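Close look at the chain arrangement
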Amino acid sequence: MKSMATYILKRIVLMLCVCFIIMTICFVMIRMLPDQLPRGSGDYAAAVLAMRKAWGYDEPILTQYIIFLKKVFTEWDWGVCTKVGTYLTPVTSHIAQKLPATIAVNAWSMVVSIPLGLLFGIYAALKKNKWQDHVISVVIMLFISVPAYIYAFVVQYFLGFKLGWFPIVVASGTNYFSPEMLKSMVLPVMSMSFGTIASLMRAVRAELTETLTSDYMLLARTKGLTRRQATLRHALRNSMVPIMPMIISQFVMVLSGSLIIEKIFGIPGIGSTYVSSILERDYSLFLAVSMFYTVISLAATLVIDLSYGLVDPRIRIGGGKNNE
Amino acid sequence: MNKQEFPDLPKEKFVFVQQAENIHDARFETKAVGYFGDAWGRFKKNKGSVVAAFIILLLIIFAVFTPIFSTYDMSFTDSYYVYVLPKSNFLSRFGIWDGCTGKTVNQQTYDYYEACDAITAVKDSYESTVNGRTNTYYDIEVDSYRAVGYVYINLTPSEYEAARAYEEENGVRLFYPMVNTSKVAQEMNRDNANFWYEHNAKGVASREADGTLIPNFKTDDQSADGLSYYSLKMNGKQYQVRVYYYDWFTYLHGRAPCFLFGTDNLGHDILSRLASGARFSLMLSVIVSAINFLIGTVYGAIEGYYGGKLDLVMERIADVLYSIPYMVMFSLLQLRWGKEIGVVGALLLAFVLTGWISVASTVRTQFYRFKGQEYVLAARTLGASDARLIARCILPNALGTIITACILMVPSVIFTESSLSYLGVLNLDSSTLTSVGTMLSNAQTALSTYPHAILFPALFISLMMISFNLFGNGLRDALNPTLRGAEE
């Protein structure tokens, strides 16, 4: 257990180092960009100049970075919005304000896609090489290859526009459990889920078919277990070893919004904020959201690695050459 | 059959099979099958992959040759033919793919389309009463090419004379009388050349006894038939004339308007735009894949072959680069160098900066697997240099995996590029450059009204992704038989 703790600590320290390097690269590159603040004429230009001075844009980049780091670590001050959202709102509160919409859509998509993915994957594995399996394989191929925004167009056009069953864009407001909101989230949740369902299905199918043909399954059947018992108690549990980390990482990824789906359905989430910060050149916001995404993707990797050990005690986390 | 069972077999029963000459190994009658021949044999058996390869070939042919043979080039635009529907000259004879669309319209709109000569069929008409008012509605088929109707255009006198000469020569009619705008009911419709018929304040046409529309033209005493055919603009340097746009287009371009995939929001021909976009995407992805192949192989080979501290340092560098989310990478490079080295240059740089890492790690793993084997030791003992060992002894073992990784990189590059240009982070839209993602992005605003503009790019990219994935999987199974059935 002690090695586990040191391993986690080591990984977290490593992660922070990587974060720091990426932040440095981002900061330097961003500060080297022209037009940090909007330009104008007359009094406005003077005001901008004063603002540049006050915010330390005239210092050398390294000094700017030290100032920035000091602010981040002492006051958790990542700067203010200049173009996106309300002028001079702290970036952190702007992000916090955008997160709920993203989380709502992603959480629903997770709730829908994990059970469906598992179910269909198991079904395909049990019906290996029968027509049901072939149908599922074709569906997997389609949904994995075709980009998510294509389904988004398809569902938006047919279900949203032609049949008029669901609203085309997500309802406004912050009441994420109101019936209108739930109804309007059906299409984005659908288009987000297809890909997740398909990749989950593929993984489950591949793993389960392998475990179903392994020797211990033969042993289990020889002992007198029914096919159902053997599948549920032995094959399924063993095949979950690589699947569980996939599912667990989904929980972390709930925070990161899909850039494209949020744009198509007008979800006021973190993904669309990111895109608009790039398009409108809101550099502080861009840096903060970039770091947000970086931390999340690093955290997801970490969680995946750790969860292998939790799911399967045979795998020793951080074990050396001899797996001690 | 041991000795105990047959105790007394007489010795003379045993005869040598072959006594005349020495026995040699027989020559192989069959031809030796090399690695790629073997792989080809396996690949052929996978029907799905063969079909996918064929589709990819077709798509490449489409992308390469359509811009050469298409009627309109990609920078063609027509300000009147915006979002016209797909039409095929051949198929329109059978009533499909004919650029027509079904509409339910009221009397005013019906009259308008009739004036444009755009109605190809009236399927049904019915009356409905809402709030005590009875209105007539029609279910009609409207030809989107003719729905533009008449337009006013400005010509120089020489252009006008040339067109008049063409009229005489070919016996076609290009110019139509100008409309008496003072009798057009609504102010905003006065610039619309289609209100050439008498109508009441609501826009409903008044008709002759036989049902034809009553013309409302500007008169001119000088003209032969008493109607005015042009008005002077710019002190007589330009003539404003009224033409039927379908015929005018035919006169200008030498052929009747017909866009196989329709046109987009700027009146571009979707067919040639799509082919050019596809050509760009394919070229980009092949270049990216080739560069990443080179960098990844060299980097991975050095890491894997030398190992130790060098490997550790190089792996950490790759790790850090790999952890940068791709959006951060792409947008930073676009913002920073988008202007200096061009949008495409920055895009290429972003792809190359991280794309090689996956190739390098596969190569590294293969090197770790093979570098300790006896044949490598033997080669080294015989005095082979490091470079020779890397290139001739170990690398060929990794070739299958590397090729597969490179082929599968093509769809992922296309996907990333289309997502980025769809989001607008990448701006590839110009008269000479486009990409499939840009087309999707432009067409999405009109998704509900003109789905055809999004249909063809979406279809193209879906087909491309599916067939590349199928082809890549087939290739992997063929090149690395040990990995067969393993996913990713």
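Residues numbered from 1 in each chain as written. Chains lettered and ligands numbered in written order. Predicted model: local features only at pLDDT ≥ 70, side-chain atom pairs only at ≥ 80, totals over all residues. Heavy atoms only, no water.

1. Focus on the overall build of chain A
For chain A, the count of helices and strands is 13 helices and zero strands. Of the regular secondary structure in chain A, the N- to C-terminal order runs α-α-α-α-α-α-α-α-α-α-α-α-α. Seen along its three principal axes, the alpha-carbon backbone of chain A occupies a region of about 90 × 60 × 30 Å. The buried share of chain A, taken over its 324 residues, is 46%. Taking the intrachain contacts of chain A between residues at least 6 apart in sequence as the baseline, contacts between residues at least 24 apart amount to 68%. Surface exposure of chain A reaches about 16800 Å², of which carbon and sulfur atoms provide 67%. Taking the average location of the 29 positive side-chain charges in chain A and that of its 17 negative ones, the two points are 11 Å from each other. (Helix = DSSP H or I, 4+ residues; strand = E, 2+ residues; numbered from the N terminus. Buried < 20%, exposed > 50% of the residue type's maximum accessible area, 1.4 Å probe, protein only. Contact = heavy atoms within 4.5 Å. Areas by Shrake-Rupley, 256 points an atom, 1.4 Å probe, with all protein chains shown as cover. Lys, Arg positive; Asp, Glu negative; His and termini not counted. Charge placed at Lys NZ, Arg CZ, Asp CG, Glu CD.)

2. Some words on the interface of chain B and chain A
With 36 residues of chain B at the interface, the matching set in chain A holds 38 residues. Between chain B and chain A, the buried area comes to about 3400 Å², and carbon and sulfur atoms account for 78% of it. Summed over the three residues of chain B that lose the most area to chain A, namely Leu332(B), Leu335(B) and Leu423(B), the buried surface amounts to 19% of that side. One can count zero salt bridges joining chain B with chain A. The tally of links between chain B and chain A comes to four residue pairs in polar contact (both at pLDDT 80 or more). Per-element tally for the side of chain B that touches chain A: the top contributor is helix 13 (residues 452–479) of chain B, with nine residues. (Buried area = accessible area lost by both parts, 1.4 Å probe. Salt bridge = Lys/Arg side-chain N within 4 Å of Asp/Glu carboxyl O. Polar contact = N/O pair within 3.5 Å; in protein donor to acceptor, adjacent residues only side chain to side chain.)

3. Comments concerning the pattern of salt bridges
If you walk through the whole model with that rule in mind, you get twelve salt bridges over all chains. In this structure, the salt-bridge partner of Asp133(A) is Arg205(A), at a minimum N-O distance of 2.7 Å. On the criterion of sequence distance, the pair formed by Asp133(A) in helix 5 (residues 131–145) and Arg205(A) in helix 8 (residues 186–212) is long-range, its members being 72 residues apart. Asp477(B) is the partner of Arg476(B) in a salt bridge, and the nearest nitrogen-oxygen pair spans 3.8 Å. Accessibility assignment for this pair places Arg476(B) and Asp477(B) in one class, buried. Put simply, Asp111(B), Glu114(B) and Arg207(B) are held in one network by salt bridges that share partners.

4. Digging into the nonpolar core
Ranked by internal contacts, the top residues of the largest apolar core, which has 143 residues, are Phe68(A), Phe265(A) and Tyr274(A). Sorting elements by how many residues they give to this core places helix 11 (residues 386–423) of chain B first, with 15 residues. Of all hydrophobic cores here, the second largest spans 47 residues; its members include Tyr160(B), Met178(B), Phe195(B) and Tyr246(B). (Core = buried A, V, L, I, M, F, W, Y, C linked by side-chain atoms within 4.5 Å.)

5. Some points on the sheet that holds strand 1 (residues 100–106) of chain B
All names here are of chain B. A sheet is described by the order of its strands in space; here three strands give the open sequence 1-3-2, paired in antiparallel fashion. Single-partner strands in this sheet number two, and they are strand 1 and strand 2 (119–130). Taken pair by pair, the neighbouring strands of this sheet meet at an average axis angle of 15°, ignoring direction. In the packing of helix 3 (residues 107–116) onto the sheet, the strands contacted are strand 1, strand 2 and strand 3 (133–143), and the crossing angle to strand 1 comes to about 135°. (Pairing = 2+ DSSP bridges. Axes fitted to C-alpha atoms, helices over the stretch in contact; angles between N-to-C directions.)

6. Describing the packing of aromatic side chains
Considering all chains together, one arrives at 58 aromatic pairs over all chains under this definition. Between Tyr151(A) and Phe194(A), the ring centres sit 5.2 Å apart and the planes meet at 80°, which makes this aromatic pair edge-to-face. With Tyr151(A) in helix 6 (residues 148–162) and Phe194(A) in helix 8, this residue pair connects regions lying 43 residues apart in the sequence. Take Tyr151(A): its relative accessible area is 6%, and that puts it in the buried class. Members of the aromatic cluster, connected to one another through ring pairs, are Tyr112(B), Tyr113(B), Tyr150(B), Tyr176(B), Phe195(B), Trp196(B), Tyr197(B), Phe217(B) and Tyr244(B). Lying across the ring of Tyr422(B), Lys263(A) places its NZ or CZ 4.7 Å from the centre. For the cation-ring pair, Arg242(B) lies above Tyr150(B), with the distance from its terminal atom to the ring centre recorded as 4.2 Å. (Phe/Tyr/Trp six-rings, centres within 6.5 Å; stacked < 30°, edge-to-face > 60°. Lys NZ or Arg CZ within 6 Å of the ring centre and 35° of its normal.)

7. Quick word on a nonpolar patch on the surface
Residue and element names in this part refer to chain B. Residues Phe 54, Leu 57, Leu 58, Ile 60, Ile 61, Val 64, Phe 65, Ile 68 and Phe 69 make up a contiguous nonpolar surface patch of about 880 Å² in total accessible area. Note that Ile 61 resides in helix 2 (residues 47–69). Given the relative accessible area of 39%, Ile 61 is considered partly exposed. (Patch = residues over 30% accessible without salt bridge, like charges linked within 9 Å, V, L, I, M, F, W, Y side chains within 5 Å.)

8. Things to note about helix 10 (residues 227–253) of chain A
Residue and element names in this part refer to chain A. Counted at 1.5 Å a residue, the expected span for helix 10 with its 27 residues is 39 Å, and the 36 Å between its end C-alpha atoms agrees. The sharpest bend along helix 10 reaches about 55° and sits at Val 241, with the proline Pro 242 one to four residues further on. Within helix 10, the full set of buried residues consists of Ala 230, Thr 231, Ala 235, Leu 236, Ser 239, Met 240, Val 241, Ile 243, Pro 245, Ile 247, Ser 249 and Val 252. (Expected span 1.5 Å × (residues − 1). Bend = angle between axes of the 7 residues up to and from the residue.)

Interpretation in functional terms is not warranted from these geometric data alone.
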